[in-house]
Each structure stands twice: as C-alpha cells, then as structure tokens.
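Coordinate inspection notes
The chain contents come next:
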Amino acid sequence: MSYLKSKFHHPKLAKNDLGLTYRDYEGALSTLCAGCGHDAVGAALVQACFELSLEPHKVAKLSGIGCSSKAPTYFLGKSHGFNTVHGRMPSVATGASMANRSLKYVGMSGDGDTASIGMGQFAHVVRRRLDMTYIVANNGVYGLTKGQTAATADKGSHTKKGEEILWSAIDLPTMALQLGATFVARSFSGDKDQLVPLLKAALCHEGFAFIDVLSPCVTFNNHATSTRSYDYVREHVEAGNIADFVPSREEITTKYAEGESKDICLHDGSLIRLHKGKDGYDPTDRFAAINAIEQHRIKGEILTGLLYCDPTLRDMHDFLGTTETPLNTLDEKTLCPGNHALAGINNSFR
Amino acid sequence: MKTINSVNEFVIRFANTNGTGSASANNMFAKAIFRMGVPVSPRNVFPSNIQGMPTWYDVRVSEKGYLGRRAGGADIVVAMNAQSMVDDVQSVEAGGYFLYDSTKEIDPQLMRKDITFLGMPISAICLREYNDPRQRQLFKNVIYVGALAALLDMDFDVLKGLIADQFKGKEKLISPNVHALELGYQYAKTNFNCPLSIRVQKSDKVGNRILIDGNTAAGLGAVYGGATVAGWYPITPSTSVVENYEKYCNRLRIDPASGKKNFAVMQAEDELAAIGIAIGGGWNGARSFTATSGPGISLMTEFLGLAYFAEIPVVLIDVQRAGPSTGMPTRTQQSDILACAYASHGDTKQVLIFPSTPTECFHMTADAFDYAERIQTPIMVMTDLDLGMNDHMSDELSWDDSRTYDRGKVLNAQQLEEVEEFGRYLDVDGDGICYRTYPGTHPEKGIYFTRGTSRNEYAAYTERGEDYVRNMERLNKKFRTAAEILPQPEMHSQNKGSKIGVVYFGTTNAAMDETFDLLRAQGQNVDGMRLKAFPFAKAVEDFIEQHDQVFVVEQNRDAQMRTLLMNELDIDPAKLIKVCNYDGLPITADFISTTILDHIAVAPASKVARG
Ligand SMILES: Cc1ncc(C[n+]2csc(CCOP(=O)(O)OP(=O)(O)O)c2C)c(N)n1
Ligand code: SF4
Ligand SMILES: [Mg+2]
C-alpha cells in the first residue's frame with residue numbers, strides 16, 4: 001500500500017516560475033522494487049515538469065497495466081491520472097485529447113503493455129500523431145506478472161532462468177519512425193542528464209513524442225546474460241546526438257563550432273540544441289535515423305539520444321479540424337442545433 | 001381463380017440483385033405510398049455482399065397501421081432476379097400477382113394456376129430506349145415502379161414529385177427518370193387490366209409522421225444530445241449511426257467564426273480502441289459515444305468493465321444482429337441482451353435502454369448522455385438491424401429548446417473551493433452516485449487517480465477487502481438509483497383484471513397492436529408491458545406480480561430477457577413463458593399470437609399457481 005510523502009516544504013527548496021518546488025511534482029511513495037528503473041524514469045519526469053514550470057493540474061497522466069503503468073501514481077500527484085487496461089492506454093489518451101486539447105498528456109507504458117498486447121493501439125496512436133508524450137519503460141521483461149519475456153528482449157539473450165530467447169526483438173523507436181511519429185528518442189533510466197532534457201523537449205513538442213527508456217528490472221532481468229541489465233545497458237549505450245533543451249525564455253549562450261551543432265525550434269519557441277556525437281547524423285532525416293538505429297544494433301550497440309524530430313508536421317487535431325476550445329467545455333447553446341433545425345430534417349424524411 | 005381484393009392492406013415484395021440500383025427505386029415506391037397518406041413499413045433483406053446476390057425489399061402497406069412484418073408470403077412480387085425466380089414465384093400468396101421481366105420467356109414449369117402472372121418486357125424496353133448499358137440497368141427499376149403506379153392506381157404526380165426531390169441539384173436527370181416512369185406506366189395501362197384487385201387509395205393516416213431509419217435517428221440523437229467525441233469501427237448494421245452523426249455534425253456543428261469542428265470523430269483500428277476513445281472522452285468530461293454490433297460488443301467487454309468500475313460516463317449504441325461471421329449477421333435479432341447486461345469481468349451490471357421506433361432512437365440516444373453523466377456509467381442503447389437499417393413510419397423529431405443537458409454531479413473550481421472535503425467515491429447524497437471532477441479543473445483540489453477496483457472513498461490505492469466490499473455495495477446502490485432515473489415501462493392494459501400479461505421490448509413493439517387485435521379476436525384480452533430499461537423499474541416487478549402467466553416475447557433463441565427478469569427479480573421460471581423468434585427476420589404478430597394461444601390452450605392461466 002502506498003502512502004503520501006510528508007508535505008513539509010523545506011524553505012530552501014528551489015522554486016520554479018510558478019513558485020512551485022520539486023516536491024509539488026512528486027507523487028505517492030513508490031511501491032516498486034528498490035532500484036527499479038521505472039522510479040528513475042518517474043523522477044526524471046518530475047524534474048522535467050518542475051523545470052519547465054508546467055502547471056501540474058494541466059497535465060494528465062495515463063497508463064496501461066504493468067509495474068511501469070503503476071508508476072504514474074508515484075509522480076505528478078497533482079495531476080489527474082488514469083490507470084486503464086493492459087495495452088489500451090493509447091485509445092483512452094486519444095479520446096481524452098479529443099475531449100480537451102488544452103491539457104498535456106503523458107502516457108506511461110511498459111514493453112509488454114506496448115509491444116505485445118498494445119501493439120495495435122500503439123501503431124495507430126502513432127499514425128494519428130496524437131499530441132502526447134508516450135514513454136515506454138523498457139525492461140525486456142514482464143515485471144508485474146513476474147518475469148516472462150517481453151517482445152523487446154533481444155533474440156539470443158537469456159532469461160533469468162537461463163532459457164534462450166528465440167524470437168526476434170521489436171524495436172519500438174524504429175516502429176514509431178516508420179509509422180509517422182514526429183519526435184522519437186531513446187534513453188536510459190540511469191542517465192538522468194540525457195533523459196531530463198529529452199523529456200522536456202518531448203513535453204514541449206506538439207505531436208506524438210515517443211521515448212523508449214531502457215529501464216532495468218532489478219528483480220527479473222538484471223542478470224549477467226541479460227541485455228537489459230544495468231551493467232549491460234551502461235556498457236552498450238551509444239549516445240548519438242546529444243541534446244540540450246533551451247526553454248523559449250532563456251537566452252542561448254553556449255556556442256559550438258559550425259557543423260557541430262544543430263538547433264531544432266519547437267512550437268512554443270523553445271529549442272533543442274543538438275551536438276553531434278562521434279557518428280551523429282541529421283536528426284530531421286527519418287531514413288538516416290532508422291538506418292543509424294539498425295547500424296548500431298548490428299554492432300551490438302544501443303543508440304540513444306534524440307533520434308528524430310520534425311516539429312513542422314501536423315498533429316491529430318490539425319487533421320481533424322477540431323475547434324481550439326476544448327470540446328468538454330461546450331454546452332447546449334453551442335452543441336444543440338435546436339428545434340428549428342429539425343423542421344428541414346423532418347421534411348427530408350417525408 | 002380467386003384474386004386477393006384489397007385497398008391499402010397488402011404486402012409487396014421486390015426481388016432484386018444487389019448492386020443494380022434497385023434500392024432507390026424501391027424506396028421511391030414506398031415513399032410514394034407514404035406520401036399518399038397510407039402507412040407503410042419497408043424492410044430490406046440483404047446479403048453480406050456488395051454485388052450480385054439476391055436481395056428482397058418487402059413493403060407492407062397497412063391503412064390499419066400494422067407496421068410489424070406480416071407472416072407468410074407477399075400479395076404482389078416484382079421479380080427482377082432470375083437467380084431467385086423459383087423461390088419468388090412460390091412466395092406469392094394464392095390470388096396474388098407476379099410481375100416479371102418477360103423479355104426472356106419464363107420457364108413454363110414455374111407457372112402457378114392460383115396467381116396472376118404479369119409479364120412485361122422490361123429489358124427489351126430498356127434496350128430499345130437507352131444506349132448506355134448502365135442506364136439500361138438503372139432504368140429497369142424505374143420502369144417497374146411506373147408500371148406499379150398504373151397497376152396499383154398510385155398518384156403519378158407524387159412519383160414525379162419524388163423524382164424532383166431526389167435529383168434536386170442534378171435537374172438534368174429528372175426528365176429521363178420521369179420518362180422511364182412513363183414507359184412503365186404506359187405499358188401497364190395498355191397491356192394489363194389496371195388497376196388490379198389490390199390497389200392504393202389516398203388516405204390521411206400518416207399525419208405529420210416521417211419515414212426514417214433508426215440509425216439516422218440515433219446519429220441525430222447524438223448530435224442533439226451534445227455528443228462531441230465519437231470513436232467507432234465499421235460493422236453492419238451499426239455503421240450508419242456514426243456516419244450520420246458525422247454527416248449532421250458537418251452541417252450543424254461547425255463553429256461559424258473559425259469554420260472548425262465542434263466535434264471529433266475517430267475511426268479507430270478496432271472496437272477495443274473505439275470504446276477506449278469513448279471512455280477517454282467521457283473521463284475527460286466530453287459527451288462521448290461509440291456504436292457497434294455483437295462482435296464489437298465482445299471486443300469491448302473488457303473496457304466496459306473498466307468503465308463500470310471506474311464510473312466513466314459513456315454511451316454505446318448496440319445495433320443487434322445475429323451471431324458471428326458474415327451472412328446471417330446481416331439479419332436482425334435481439335440477442336446481445338445478456339452479453340450487454342452483464343458485460344465484463346468481476347461483478348458488473350450495465351444499464352440498457354430499449355428504443356422501439358426511430359423517434360425513440362433519437363430521444364433515447366440524446367437522453368442516454370444525460371443518464372450516462374447522471375449515473376456515471378456506460379449506457380447501452382439496444383436497437384437492432386430492423387430498427388436501425390430499415391425505414392419506419394415514426395413521429396416527427398422534435399426538441400424542447402428549454403432543455404439543458406444534465407451533466408451530473410461534477411464539481412467546478414469554485415465548488416471545489418467551497419466543499420469541505422473531496423472524495424471521488426464518497427457517497428455524499430446517499431444515492432450511490434458520487435461527485436467527480438474533470439482533469440485540469442483546480443490546481444490543488446479535486447485531483448484524483450482513476451483506476452478500476454483498488455481504491456477507497458478518496459481514490460487512494462487500497463487492496464483491503466472491506467474497502468472493496470464497501471465500494472461494490474455502493475455501486476449496487478447506484479444501480480438501484482438508476483432504475484428510478486431510467487424510462488419507466490409502458491403499460492398497455494387491455495382489460496383490468498386479466499391474468500395474462502405479455503412483456504416485450506424494442507422492435508417487437510411494431511407487431512404488438514396487431515398481436516393484441518389477433519388475441520382479442522380469439523377472446524383473449526391480455527395486458528401488455530413494454531420494457532424500456534434495465535435495471536428494471538418497480539413497475540416491472542408489479543406487473544409480473546399482478547399476472548398469473550407472463551409471456552416474454554423476444555427475438556433470440558435463449559429467452560435472454562426472460563433470464564434477466566428471473567435473475568434480477570427472483571421470479572419463478574414457471575411463470576415466465578418464452579416466446580422466441582430468431583430466424584433473423586423481424587418477429588410477426590401471427591407468430592406471437594399463435595404461440596400465446598397454443599400455450600393458453602394447453603395451460604390456461606387459471607390453473608397456474610400464483611407466483
Ligand atoms: C488483458 C490482460 N491480460 C493480462 C494481464 C496481466 N498482466 C499484467 S501486467 C502484464 C505485463 C506487464 O509487462 P510490462 O508492460 O512490460 O510492464 P512491466 O511490469 O515490465 O513494467 C500482464 C501480462 C492483464 N492485466 N490484462
Ligand atoms: S518487478 Fe521489476 S519492473 Fe516490477 S517493480 Fe520490481 S524491478 Fe520494477
Ligand atoms: Mg516490461
């Protein structure tokens with residue numbers, strides 16, 4: 001059972017533009033295993049929201065079912081949340097966004113939740129470019145049901161019980177790229193310096209922002225023959241483009257030599273400043289991104305960082321032509337055509 | 001030979017091949033009779049196929065207003081499909097008429113002595129008159145309608161008016177169509193004895209009623225009821241609900257200033273997502289809905305459980321049809337009752353409402369959004385293929401402009417400031433219905449985490465048994481409250497003191513006036529009760545209590561409504577007698593009355609112990 005953390009605020013705690021502290025973005029005390037990667041993902045999200053000065057109640061967090069999907073209880077306690085059904089958070093998020101386009105939507109899912117039971121819904125939420133940040137806490141295993149193999153686990157690696165994994169792995173960033181996500185990143189729960197700016201950029205991006213976060217399961221998938229253990233991931237991650245997030249209100253001070261960096265300007269005026277890693281590529285080039293992911297995989301490396309971003313593409317509401325006013329605020333005066341409109345309708349059925 | 005003599009009381013059947021454009025001509029025929037002031041009930045029997053299979057369109061014409069399907073064959077058959085000719089000849093009632101295309105000689109073996117064959121060289125006429133093969137095909141249909149105008153003594157101007165309406169904006173097409181009508185009319189006048197012994201006469205029995213299908217009406221009900229979010233996946237026979245919703249929204253729901261849409265429709269990847277979208281919208285405070293049919297209900301079942309437990313308002317229109325696969329599923333049934341009433345895992349009970357006419361589809365769909373938000377639960381509007389896809393003569397649609405939407409117990413920011421404490425699942429009013437908030441309402445108050453089961457009154461996570469039980473008991477209480485909010489049954493008392501009652505719902509209603517008349521003709525004055533909602537109102541219990549024998553009429557094999565009544569009201573099974581028709585065709589008064597009379601003959605009501 002979870003209980004609330006002390007609400008006592010240390011007077012010296014830093015405040016953001018809204019006068020809120022980091023504490024205001026936390027949730028209930030976690031009941032996940034000590035050391036579970038998902039808690040670090042939650043903490044990074046708390047930090048990102050705090051630093052962006054998002055109004056907590058203007059964020060809605062949604063999840064499916066799994067340890068990762070339980071995590072929303074442990075962050076953003078002042079945001080409404082919805083723990084839906086296994087693999088089907090994308091449709092609920094779609095409906096929620098249709099009802100009120102003015103909130104920020106954060107989806108938290110697992111690799112079982114997204115790459116297996118929810119694969120269909122994931123594919124389609126990407127296609128419709130729902131304006132949301134979709135995080136998969138990828139541990140290569142089903143945590144909550146105690147250790148079955150997930151579809152993201154690498155073929156040829158071994159389970160804790162020593163069985164070889166026979167089936168090809170699904171690479172979610174590649175899928176997201178193929179299906180039209182407009183922001184795709186990969187990171188590691190153990191690398192907060194990389195994860196927090198990526199989350200900030202994702203939260204500011206208008207459109208479907210997908211982040212695959214390698215998030216080890218200490219209980220069922222942290223053994224020596226696993227390719228999702230802390231040790232393995234740490235040794236094999238390869239940061240491609242290193243991203244800094246520069247909020248719109250901040251002046252850009254750091255300078256990089258010509259050709260070494262690239263700025264991507266987001267809708268709200270904030271910038272993603274990218275420094276090319278040793279084999280960085282142009283992250284606005286979708287084919288290059290897919291290619292780079294695959295090239296690294298062949299070498300046994302896990303490519304992380306901002307893999308792709310195109311802030312110019314439209315999102316679901318642009319396609320639907322929805323009014324700017326959140327639909328859930330419209331009343332009968334706007335919605336009901338009234339009795340007089342029925343006269344013509346009745347006549348068309350005579 | 002004895003011929004059928006009838007004015008304004010007959011059944012005509014059109015036997016066509018689908019994909020040949022016959023539907024609009026047949027529809028024009030039915031509408032012409034309707035415009036002559038005579039009640040009609042047209043019904044399509046169509047295959048799960050787009051082109052090349054037999055389809056039938058039956059039009060019952062009934063001055064008396066008997067609008068259920070009539071048992072038996074047709075009095076007149078218009079046979080335009082060689083493939084089904086053998087059956088079509090057989091389907092004519094003795095003394096009736098068989099109008100066919102005599103361009104090719106009919107197989108003499110098909111000839112019957114007890115009906116009149118009216119051969120008309122329709123293909124030959126088309127070949128002579130038109131060059132374009134498409135026109136040759138299309139105008140065949142219009143030509144037989146023209147012939148029927150002469151044979152049945154229909155008002156030719158009414159038909160011309162219908163053509164003018166149909167081709168408004170495409171005026172070039174009016175005169176060729178009228179010409180085709182005239183070709184048929186003239187041929188019949190010259191070659192047959194017009195009018196036949198069966199004919200139509202102007203009447204005044206239609207009044208200001210309209211001829212509309214239930215899906216269009218339900219789609220309009222969603223527009224008027226304020227739905228803004230729709231998620232759906234195509235499935236016959238429910239597809240046209242959301243299609244009509246969207247069509248009328250595009251006319252009536254565009255923001256005049258920006259030209260943008262005051263609604264959002266998403267064709268989802270499947271029914272799981274369709275209901276998920278509706279639930280997401282409902283959770284977030286928009287009136288949201290989906291529409292589906294049996295297979296979709298099966299897929300939506302997991303989510304319906306979540307919505308029940310998480311107490312999310314959502315409206316689902318279930319246009320029922322026969323079971324899995326394709327084929328029979330394009331036939332009508334009322335066979336999702338139990339699947340819907342108890343949809344999902346864990347202890348769940350869902351709210352169902354049962355419209356009987358398109359007008360009720362309109363009103364009940366609009367009302368369903370009020371019920372959903374008031375009760376905070378899914379509301380399923382249970383229609384069926386017959387109601388949804390066929391045109392029915394129905395009261396004109398009207399809307400009370402003083403009506404406001406009942407958004408249920410929702411606290412806004414100011415109310416949150418004022419309440420002492422907020423607990424999402426606190427039963428403050430004692431009716432089992434709690435106060436909710438929309439996400440984003442207030443920075444500090446009224447924020448909660450929505451989940452299925454494991455929560456206490458303050459929406460905090462708990463796995464304690466007593467918390468769970470308390471919540472489940474409250475949900476039960478809420479369900480009892482729902483029975484008072486939902487529409488009450490409609491009573492048809494024939495005679496006070498009758499010991500026999502008949503319970504029915506949905507489209508069966510169309511056959512009931514005739515059923516009561518047939519029973520009365522046999523000396524049986526029975527009481528009727530039309531169910532409109534589940535959970536059952538107190539009045540339902542009372543009605544059953546007041547009668548010794550209660551027939552439950554439904555369109556499924558397993559007497560699902562009977563089971564629901566027995567189960568929910570603890571009724572002695574011996575008291576409830578099933579009257580089940582499930583051949584995929586709408587139930588008939590003949591079937592209902594015969595089943596009831598047969599049963600009464602065997603077990604008179606007086607001998608049944610009072611239950
Ligand atoms: C329909 C359905 N099937 C199965 C389950 C059981 N289940 C719960 S969580 C889970 C797997 C979760 O794995 P993942 O999404 O990777 O989350 P993790 O626990 O690893 O973070 C399963 C199979 C369920 N809740 N619902
Ligand atoms: S079982 Fe694994 S995934 Fe679940 S909480 Fe524990 S460490 Fe995390
Ligand atoms: Mg997992």
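Remember, predicted model here, so these are calculated numbers, not experimental data.

What counts and what doesn't
- Residues numbered from 1 in each chain as written.
- Chains lettered and ligands numbered in written order.
- Predicted model: local features only at pLDDT ≥ 70, side-chain atom pairs only at ≥ 80, totals over all residues.
- Heavy atoms only, no water.
- Helix = DSSP H or I, 4+ residues; strand = E, 2+ residues; numbered from the N terminus.
- Rg over C-alpha atoms; globule rule 2.2 N^0.38 Å.
- Buried < 20%, exposed > 50% of the residue type's maximum accessible area, 1.4 Å probe, protein only.
- Contact = heavy atoms within 4.5 Å.
- Areas by Shrake-Rupley, 256 points an atom, 1.4 Å probe, with all protein chains shown as cover.
- Arc of directions from axis to C-beta.
- Salt bridge = Lys/Arg side-chain N within 4 Å of Asp/Glu carboxyl O.
- Pairing = 2+ DSSP bridges.
- Axes fitted to C-alpha atoms, helices over the stretch in contact; angles between N-to-C directions.
- Near = heavy atom within 4 Å.
- Polar contact = N/O pair within 3.5 Å; in protein donor to acceptor, adjacent residues only side chain to side chain.
- Nonpolar A, V, L, I, M, F, W, Y, C, P; charged D, E, K, R; others polar.
- Domains from an automatic or database assignment.
- Buried area = accessible area lost by both parts, 1.4 Å probe.
- Phe/Tyr/Trp six-rings, centres within 6.5 Å; stacked < 30°, edge-to-face > 60°.
- Lys NZ or Arg CZ within 6 Å of the ring centre and 35° of its normal.
- Donors = N, O, S within 2.8 Å, 3.2 Å for Na, K, Ca; no water.
- Core = buried A, V, L, I, M, F, W, Y, C linked by side-chain atoms within 4.5 Å.

**Examining the overall build of chain A**
When helices and strands are tallied, chain A shows 12 helices and 13 strands. Rg of the C-alpha trace for chain A: 21 Å, near the compact-globule value of 20 Å for 350 residues, within the 12% margin. C-alpha extents for chain A along the principal axes are approximately 75 × 50 × 50 Å. Buried positions account for 59% of the 350 residues belonging to chain A. If you take every contact in chain A between residues at least 6 apart in sequence, the share linking residues at least 24 apart comes to 70%. Accessible surface computed for chain A: about 14,100 Å², of which carbon and sulfur atoms make up 52%.

**Concerning helix H17 (residues 538–546) of chain B**
Residues and elements named next belong to chain B. Those residues of H17 that sit buried are Val 540, Phe 543 and Ile 544. Seen end-on, H17 carries its buried residues on one side only, within an arc spanning 95 degrees. Exposed residues on H17 whose side chains face more than 90 degrees from its buried face are Lys 538 and Glu 545. Summarising the contacts, the buried residues of H17 are in contact with strand E18 (490–492), strand E19 (500–505), strand E20 (527–531), strand E22 (549–554), helix H18 (560–569) and strand E23 (576–580).

**Let's talk about the pattern of salt bridges**
Enumeration according to the criterion identifies 51 salt bridges over all chains in this entry. Between Asp331(A) and Lys333(A) there is a salt bridge, with the nearest N and O atoms lying 3.4 Å from each other. Relative accessible area serves as the criterion here: at 28%, Asp331(A) is assigned to the partly exposed category. Under the relative-accessibility criterion, Lys333(A) is labelled exposed at 71%. The residue Lys538(B) makes a salt bridge to Asp542(B) at a minimum N-O spacing of 2.8 Å. Of the two residues, Lys538(B) and Asp542(B) both sit in helix H17, 4 residues apart, roughly one turn of that helix. It is possible to trace a salt-bridge network through shared partners that takes in Arg287(B), Asp367(B), Asp370(B), Glu373(B), Arg403(B) and Arg407(B).

**Details of the sheet that holds E20(B)**
Strand pairs in the sheet, formed through backbone hydrogen bonds, run parallel or antiparallel to each other. Residues and elements named next belong to chain B. Pairing is mixed in the open sheet, where 5 strands are placed in the order E18-E20-E19-E22-E23. Edge positions in the sheet fall to E18 and E23, since each of these pairs with one other strand and no more. The sheet shows a mean angle of 20 degrees between the axes of neighbouring strands, direction not considered. Relative to E22, E19 runs parallel, the two sharing 4 bridges. Note on E22: the bridge partner recorded for Gly 501 is Val 550. Of the strands in this sheet, E18, E19, E20, E22 and E23 are in contact with H17, which crosses E20 at around 155 degrees. Here H18 sits on the sheet and contacts E19, E20, E22 and E23; the angle it forms with E22, its principal contact strand, is near 135 degrees.

**Topic: the site of ligand 1**
Residue and element names in this part refer to chain A. With respect to spatial proximity, 18 residues lie near ligand 1, and among them Cys 67, Ser 68, Asp 111, Gly 112 and Asp 113 are the closest. Within the side chain of His 38, a nitrogen or oxygen atom sits 2.9 Å from an oxygen atom of ligand 1. Separating an oxygen atom of ligand 1 from a backbone N or O atom of Leu 144 is a distance of 3.0 Å. Expressed as a share of its isolated accessible area of 590 Å², the protein-covered part of ligand 1 is 76%. Mapped onto the shell around ligand 1, the elements with two or more residues apiece are helix H2 (67–70), helix H4 (111–115) and strand E5 (141–142). The biggest single contributor to the shell around ligand 1 is H4, with 3 residues. Here the shell around ligand 1 is built from residues that sort into 6 nonpolar, 9 polar and 3 charged.

**Notes on the side chain of Arg273(A)**
All names here are of chain A. Along the chain, Arg 273 turns up in strand E12 (residues 271–275). Look at Arg 273 and you get buried, because its relative accessible area is 12%. Only 2.4 Å separates the side chain of Arg 273 from the side chain of Asp 263, close enough to count as a polar contact.

**Some words on the domain arrangement of chain B**
Residue and element names in this part refer to chain B. When the domains of chain B are assigned, the result is domain 1 (6–199), domain 2 (212–394), domain 3 (413–485) and domain 4 (490–602). Averaged C-alpha coordinates put domain 2 and domain 3 at centres separated by 26 Å. Contacts between the two partners involve 21 residues from domain 2, matched on the other side by 22 residues from domain 3. Regarding the contact of domain 2 and domain 3, the summed buried area is about 1,900 Å², with carbon and sulfur atoms giving 57% of it. The interface formed by domain 2 and domain 3 holds 3 salt bridges in total. Connecting domain 2 to domain 3 are 11 residue pairs in polar contact (both at pLDDT 80 or more). Elements represented by at least two residues in the side of domain 2 that touches domain 3 include exactly helix H9 (271–283), helix H10 (294–310) and helix H12 (358–375).

**So, the pairing of strand E4 (residues 132–138) of chain A**
Residues and elements named next belong to chain A. Summarising burial for E4: 7 of the 7 residues are buried, a large majority. Sheet topology note: the strand E3 (residues 104–110)/E4 ladder contains 5 bridges and is parallel. Bridge pairing links Val 106 to Thr 133 in E4. Pairing of E4 with strand E8 (residues 208–214) involves 7 bridges; the strand directions are parallel. Bridge pairing in E8 links Tyr 134 to Phe 210.

**Digging into the packing of aromatic side chains**
The tally for this structure, following the rule as stated, stands at 31 aromatic pairs over all chains. Summarising the aromatic geometry, the rings of Tyr22(A) and Phe50(A) are spaced 6.2 Å apart at their centres and angled 75 degrees between planes, so their arrangement reads as edge-to-face. In this pair, Tyr22(A) sits in the segment before helix H1 (37–52) while Phe50(A) sits in helix H1, placing the two residues 28 residues apart along the sequence. By way of ring pairs, the aromatic residues Phe122(A), Tyr134(A), Phe208(A) and Phe210(A) are connected into one cluster. The residue whose ring lies beneath Arg286(A) is Phe287(A), and the NZ or CZ to ring-centre distance is 5.5 Å. The ring of Tyr425(B) has Arg455(B) lying over it, and the distance from NZ or CZ to the ring centre is 3.6 Å.

**Description of the coordination of the magnesium ion (ligand 3)**
Residues and elements named next belong to chain A. Within the first shell, the magnesium ion (ligand 3) binds the protein through Asp 111 (OD), Asn 139 (OD1) and Val 141 (O), at distances of 2.1 Å. Mapping the donors of the magnesium ion (ligand 3) onto the primary sequence yields the spacing D-x27-N-x1-V. Of this pair, Asp 111 sits in helix H4 while Val 141 sits in strand E5, placing them 30 residues apart in sequence. Neither residue differs from the other here; Asp 111 and Val 141 are each classed as buried.

**Regarding the site of ligand 2**
Surrounding ligand 2, one finds Leu32(A), Cys33(A), Cys36(A), His38(A), Cys67(A), Asn139(A), Cys217(A), Val218(A), Thr219(A) and Phe220(A). Of the residues in the shell around ligand 2, the class split is 7 nonpolar, 3 polar and no charged.

**A closer look at the nonpolar core**
In terms of nonpolar packing, the biggest core is built from 141 residues, with Phe208(A), Tyr245(B), Phe289(B), Met561(B) and Leu565(B) touching the most fellow members. Counting residues per element, this core draws most heavily on H12(B), which supplies 9 residues. When residues of this core are assigned to domains, at least three fall in each of domain 2 (212–394) and domain 4 (490–602) of chain B. Discounting residues that sit within four places of it in the chain, Met561(B) has contacts with Ile337(B), Phe354(B), Phe505(B), Leu531(B), Phe536(B), Val552(B) and Glu554(B). Membership of the second largest hydrophobic core comes to 61 residues, among which are Tyr57(B), Met154(B), Leu181(B) and Val206(B).

**Things to note about helix H16 (residues 512–521) of chain B**
The set of residues buried in H16(B) consists of Met512(B), Glu514(B), Thr515(B), Phe516(B) and Leu519(B). Check the buried side of H16(B) and you find it contacts strand E4 (54–62), E18, E19, E20 and helix H19 (589–602) of chain B.

**So, the interface of chain B and chain A**
Counting residues at the interface gives 72 residues for chain B, matched by 59 residues for chain A. The junction of chain B with chain A conceals about 5,400 Å² of combined surface from both sides, 62% of it contributed by carbon and sulfur atoms. Together, Glu269(B), Trp283(B) and Phe449(B) form the three largest contributors to the area buried by chain B at its contact with chain A, with a combined 12%. Where chain B touches chain A, the interface holds 5 salt bridges. The partner of Arg350(A) in a salt bridge is Glu396(B), with the nearest N and O atoms 2.6 Å apart. Run the count over chain B and chain A and you get 27 residue pairs in polar contact (both at pLDDT 80 or more). Taken together, the residues of the side of chain B that touches chain A break down into 37 nonpolar, 19 polar and 16 charged. Bridging between strand E2 (residues 80–83) of chain A and strand E17 (residues 449–450) of chain B involves 2 bridges; their strand directions are parallel. Bridge pairing links Phe82(A) to Thr450(B) in E17(B).

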